[in-house]
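Letter by letter, the chains look like this.
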Amino acid sequence: MKAILVTGGAGYIGSHACKALARAGYLPVTYDNLERGHEWAVQWGPLEVGDIRDAPRLDEVFAKHKPVAVMHFAALALVEESVQQPELYADNNVRGTQTLVDAMLRTGVRKLVFSSSCATYGIPGRQPINESTPQKPVNPYGHSKLQAERILAATGSRGALDVIALRYFNAAGADPDGDIGECHEPETHLIPRLIAYASGDPAAQEFTIRGIDYPTPDGTCVRDYAHVSDI
């Protein structure tokens, strides 16, 4: 089978992508430092433990598996944390993406799917949002994703890479077969927190809906969700 390198393949969306790749006849090779991913989520191909900022380790994995493409999910993705530690997000999400791109260029792998984010749009002046909506991120996480997009766009514009960036909104749900699902520590996503609270999980002592000044009937925000398997 042709191998696809999946950075962050032990994470939430990355692991679902690995299952989809395996069903499509590819060998998903997960590359993850397991800092926030889970070894048990790697079920459809080999796991290579490594950091996207580690150039020698990337070269080693590319040489070993000879992937025909890369799907890049490896990133830090907590808005509040990005505000507290913007330098960490610049280092991991931006420098890490550049290091990955450099490894691809050295090994001749041209195809890349990038997991970007709606956070690159910030607070849009109009809705619905489309690809021509100006990107004006309002937090370091969004800025890091936009900077990574620009690195990829610049590399793609000179013909070195074939790149697509997916700016999806809030991922939700779990694999319909029950093989994998959400598991974040700490859990910040709305739906699993609500389920934990409603089921009496002792670790979920309260459930808070944040926001009281949105232009909606009750002042709370309206969120867009996409099922992780659809993504």
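Before reading on, note that the structure itself is shown above.
Bear in mind the structure is a predicted one, so any value in this text is a computation, not a measurement.

The rules behind each value
- Residues numbered from 1 in each chain as written.
- Predicted model: local features only at pLDDT ≥ 70, side-chain atom pairs only at ≥ 80, totals over all residues.
- Heavy atoms only, no water.
- Axes fitted to C-alpha atoms, helices over the stretch in contact; angles between N-to-C directions.
- Helix = DSSP H or I, 4+ residues; strand = E, 2+ residues; numbered from the N terminus.
- Parallel < 35°, antiparallel > 145°, perpendicular 65-115°, else oblique.
- Left-handed = near helix turned anticlockwise from the far one by under 90°.
- Contact = heavy atoms within 4.5 Å.
- 1 Å grid on protein atoms, 1.4 Å probe; cavity = no way out; pocket = protein on both sides within 12 Å on 5 of 7 lines; lining within 4 Å.
- Points joined across faces, edges and corners; volume = space filled by probe spheres on them.
- Nonpolar A, V, L, I, M, F, W, Y, C, P; charged D, E, K, R; others polar.

**Q** How would you sum up the packing of helix H2 (residues 55-65) against helix H4 (residues 86-107)? Please name residues and give values.
**A** In the contact formed by H2 and H4, the axes pass within 10 Å of each other and the chain directions differ by 40°. Taken together, H2 and H4 sit at an angle that is classed as oblique. Crossing of H2 over H4 shows right-handed handedness. Contacts from Ala55, Leu58, Asp59 and Phe62 in H2 reach Thr99, Leu100, Ala103, Met104, Arg106 and Thr107 in H4.

**Q** Provide a residue-level description of the layout of surface pockets, including the pertinent values.
**A** Roughly 310 Å³ of internal volume is contained in the second largest pocket. Residue lining of the second largest pocket: 21 residues in total, with His16, Ala17, Ala20, Ser229 and Ile231 positioned closest to the centre. Breaking the lining of the second largest pocket down by element, the ones donating at least two residues are helix H1 (12-23), strand S4 (69-72) and strand S5 (111-115). At six residues, H1 tops the list of elements feeding residues into the lining of the second largest pocket. Grouping the constituent residues of the lining of the second largest pocket by class yields 12 nonpolar, four polar and five charged.

**Q** Account for empty space enclosed by the protein, naming residues and giving values.
**A** Enumeration according to the criterion identifies one cavity of 30 Å³ or more in this entry. For the largest cavity, the calculated volume is near 30 Å³. Lining of the largest cavity is provided by His72, Ala74, Ala75, Asn93, Thr97, Phe114, Lys145 and Ala148. Contributing elements (two or more residues each) for the lining of the largest cavity: H4 and helix H5 (140-157). Classifying every residue of the lining of the largest cavity gives four nonpolar, three polar and one charged.

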